[in-house]
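Next come the chains, spelled out residue by residue.
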Amino acid sequence: MYMAVWPMTVLLTPDLKPFFGGTYFPPGFPDLLKFFGEKWIADGPEIIQSSEEDFQKLRKVAQSSTTSSISVETVPPFAFPSKTFFILSKTYDEKDGGFGGAPKFPQPVIMNFLLMYYHATKVSSEVFKRLEEEKVSGFELERLAAKFGVRLDGVETSDAQVRVLEGLKRRSVESSEALNMVEFTMRKIAAGGIHDHVGSGFHRYSVDRTWLVPHFEKMLYDQAQLLSIYAELTAITKDLFHEEICRDIIKYVERDLRDPRGAFYSAEDADSLATPDSKHAKEGAFAVWESQELDNHLGPDSALFKYHFGVNPGGNVLSEYDPHDELTNQNILMERRTLNETADKFDTNAFAVKLTIQNCFEKLWKVRQERPKPHRDDKIMVAWNGLMISALAKTSRVIQDESKTISNLAISAAIFIRNHMYNHETNRLTRVFGTNIQGYADDYAFLIDALIELYQTTFDETWIEWAVKLQSAMDELFWDSVDGGYFSGMEGDDGVLIRMKDEYDGAEPTASSIAVKNLLRLEAMTTNAEFRNKAVKTFSSMIGVLGQAPRAVPQMVANWIAYQRGITEVVLLGELDPDAEYMLRTSFHPLLTVVRAQKGWLVEQNELLKSIRRVFVCEDGACNAPVSSCEDVKRILGI
């Protein structure tokens, strides 16, 4: 089995019941097999009995109800988000970014939550001004208190405004902290060895806390989720740095992971041969450099380049992070200095340094093309393609994509899945291209999310209509009609002994987490209340985890914010002020869906759209008076 980075080794009885498992056994795996072979011959019946007992215990746990006596309606809106933020703030690494110690993973699901929390706790200057200078009505104070999670229990009416003001100031500080944690971490990751500075894209994770020494494997799902985060940071900060990283990821994925027919492959290995004559593959051989090697290839620019990237004559990898001595005398490129620091050192300017570094990258890329390349895993999986389609569609809205190069990459992948991995008659997905493996819940959830994003980018109703059809299939195949939420696999799947639900947002979000995100947006776009009902039932099934360990499900907590705040729908009809449309496409507003009211499928699904005449903003089934200017849109949306 293959799970994220590590192999999953499981030994089974003849009736496929597991009796031993582990992740990684170098170099003694043959000895392990020999041991259990002898054990099986000697104690086979005991092993089978023990395996059956463990299996029944696991089945009992899996079949136990997850329904809580706590009602979703009784939970304070900020209970789960506040607790999650508090936990993350205590484990945040202020020096190197990220959370906790080594090994360090980028953890995009945490970044998703923090950006949602940043948005949910951001308070406008106008609100502060009113609270500080005017007498605000009791109704408005209660509305603000509910929106931002400020408790007014036992507070005298005369003191309510002061309490609300204090609470909003606290939330505003948290908003800034949430954004700072994300941006600082993503900058550290971009500067680190986990980022392939020469070949573009990102490696899987870092074995040290500073992001220097990566596990050199590159996964499609990492590229997709990191692209999404950098795109959102671009939307928030308008900083070209984040846009450059977006383009860097897209460059790698299009060049090295894209099938000529439009879909995306799964991964590139960490190991490769150092030279064509090498007998054994080594970790990172394709990406690392000896100091002298850089001198040979970069000539007079070598000193500046090595200073900027922390290159040492004896290598820059500590032995504790290289247990198999594969990186001896090797250097992993990591930006140790800022452009200005390097410029000061070499008596030049930051622009000249950046240009020199870029020229060095181009030279080193040509050198790397002469090295044996890592093996590429060319599996095409719906779930991971869904993540990439979603990220590309979102990015194409945020950064200048006038040629539609980025959006066309997303569209081509979606068309490939529709033509080759989707049965139009049965409304079913195939999980892996070229196989008969039926789609799992994450295949449906991730692709639906991608199709919603594609519609938001293109306003082609083909995508949103397909998303609704797939949601129907997902409900039919994976919905837990007893407790709510979504099982990972289908009922009756011979390859699944126990039907379970994923309840941990890890390297990827769970199917249920993305499904709830989809359901809330689909309800806003179609006014079909059943979508919202399923979202609420899924929250009910997760109340225990959300209350006790929200750190384990940050994407679901982000969904909780969306559920409590509600999704705002912006409807476009006719020609719009170009500045307003640009602002809508490039702003960060995770609680927003945008639809274009035109004769077609979506109008037939949504009664509100049938009577619209240049309407913009709709919430809770009602629309504001029509507006058209950029300033009016900003005012209504609070952007």
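Residues numbered from 1 in each chain as written. Predicted model: local features only at pLDDT ≥ 70, side-chain atom pairs only at ≥ 80, totals over all residues. Heavy atoms only, no water.

1. Things to note about the side chain of Q107
Here Q107 lies in the loop between α2 (79–91) and α3 (108–121). Note on Q107: relative accessible area 17%, which makes it buried. If we ignore the near neighbours within four places in the chain, the residues touching Q107 are F99 and R551. (Helix = DSSP H or I, 4+ residues; strand = E, 2+ residues; numbered from the N terminus. Buried < 20%, exposed > 50% of the residue type's maximum accessible area, 1.4 Å probe, protein only. Contact = heavy atoms within 4.5 Å.)

2. What to know about the environment of F202
Its location among the elements puts F202 in the loop between α6 (160–191) and β5 (205–206). According to the relative accessible area criterion, F202 is buried, its value standing at 0%. Separated by 17 residues in the primary sequence, F202 and M219 place their C-alpha atoms 8.1 Å from one another. Beyond its immediate sequence surroundings of up to four residues, F202 is in contact with I189, A190, I194, H195, E217, K218, Q223, L226, Y230, I245 and I249.

3. Quick look at empty space enclosed by the protein
Summed over all chains, the structure comprises six cavities of 30 Å³ or more. Volume-wise, the largest cavity comes out at about 850 Å³. Along the walls of the largest cavity sit 43 residues, with E232, K394, E453, K517 and P590 positioned nearest its centre. If you list the elements that add at least two residues to the lining of the largest cavity, you get α3, α7 (220–237), α13 (382–398), α15 (441–458), α17 (511–526), α19 (554–565), α20 (578–586) and β15 (592–596). The dominant element in the lining of the largest cavity, judged by the number of residues it contributes, is α7, at seven residues. Each residue belonging to the lining of the largest cavity can be placed in one class, and the counts come to 24 nonpolar, 10 polar and nine charged. Quantified by volume, the second largest cavity comes out at close to 80 Å³. Lining the second largest cavity are 14 residues; nearest its centre among them are H195, D196, A287, I332 and L333. Partitioned by chemical class, the residues of the lining of the second largest cavity number seven nonpolar, five polar and two charged. (1 Å grid on protein atoms, 1.4 Å probe; cavity = no way out; pocket = protein on both sides within 12 Å on 5 of 7 lines; lining within 4 Å. Points joined across faces, edges and corners; volume = space filled by probe spheres on them. Nonpolar A, V, L, I, M, F, W, Y, C, P; charged D, E, K, R; others polar.)

4. As for the side chain of S513
By the secondary structure assignment, S513 is in helix α17. Using a relative accessible area of 0% as the deciding quantity, one classes S513 as buried. There is a polar contact of 3.1 Å between the side chain of S513 and the side chain of D505. Filtering out sequence-adjacent residues up to four positions away, S513 remains in contact with D505, Q555, M556 and N559. (Polar contact = N/O pair within 3.5 Å; in protein donor to acceptor, adjacent residues only side chain to side chain.)

5. Quick word on α7
In this model α7 runs 26 Å from its N-terminal to its C-terminal C-alpha over 18 residues, within 8% of the 26 Å that 1.5 Å per residue would give. Most of α7 sits out of view: 17 of its 18 residues are buried. Two residues or fewer after α7 comes K238, characterised by a positive phi angle close to 60 degrees. (Expected span 1.5 Å × (residues − 1).)

6. Details of the sheet that holds strand β8 (residues 267–268)
Read across the sheet, three strands follow the order β7-β8-β11 without closing on themselves; strand pairing throughout is antiparallel. Lying at the two open borders of the sheet, with one neighbouring strand each, are β7 (218–219) and β11 (376–377). As paired strands, β8 and β11 are joined by two bridges and run antiparallel to one another. Residue pairing in the sheet places A267 in a bridge with D377 of β11. (Pairing = 2+ DSSP bridges.)

7. Quick look at the packing of α7 against α13
Packed helices, taken two at a time, are described by the angle their axes make and the gap between the axes. Taken N-terminus to C-terminus, the directions of α7 and α13 make an angle of 20 degrees; their axes are 8 Å apart at the nearest point. One element, α7, and the other, α13, form an angle in the roughly parallel class. Remark: the crossing between α7 and α13 carries left-handed chirality. Judged by residue contacts, L220, Y221, Q223, A224, Q225, L227, S228, A231, E232, T234 and A235 of α7 engage W384, N385, L387, M388, A391, L392, K394, T395 and V398 from α13. Among the residues making up the contact of α7 with α13, the classes are represented as 12 nonpolar, six polar and two charged. (Axes fitted to C-alpha atoms, helices over the stretch in contact; angles between N-to-C directions. Parallel < 35°, antiparallel > 145°, perpendicular 65-115°, else oblique. Left-handed = near helix turned anticlockwise from the far one by under 90°.)

8. Things to note about unusual backbone geometry
At the junction of A102 and P103, the peptide bond is cis and its omega measures out at -5 degrees in the coordinates. Within the element layout of this structure, P103 appears in the loop between α2 and α3. One non-glycine residue, K404, adopts positive backbone phi at about 60 degrees. Relative to the elements of secondary structure, K404 occurs in the loop between α13 and α14 (405–420). A relative accessible area of 52% means that K404 is categorised as exposed. Backbone geometry places F459, a non-glycine residue, at a positive phi of 60 degrees. Turning to its location among the elements, F459 is positioned in the loop between α15 and α16 (461–478).

9. Looking at the packing of aromatic side chains
The full count for this structure, using the stated rule, is 26 aromatic pairs. On the basis of an interplanar angle of 65 degrees and a centroid distance of 4.7 Å, the ring pair of Y221 and W384 is categorised as edge-to-face. Taken together, the positions of Y221 in helix α7 and W384 in helix α13 put the pair 163 residues apart, joining distant regions of the chain. You can call Y221 buried: its relative accessible area is 1%. In this structure W384 comes out as buried when scored by relative accessible area, which is 10%. The interplanar angle of 90 degrees and the centroid separation of 5.3 Å between the aromatic rings of F539 and W560 together place this pair among those described as edge-to-face. Of this pair, F539 sits in helix α18 (residues 529–548) while W560 sits in helix α19, placing them 21 residues apart in sequence. (Phe/Tyr/Trp six-rings, centres within 6.5 Å; stacked < 30°, edge-to-face > 60°.)

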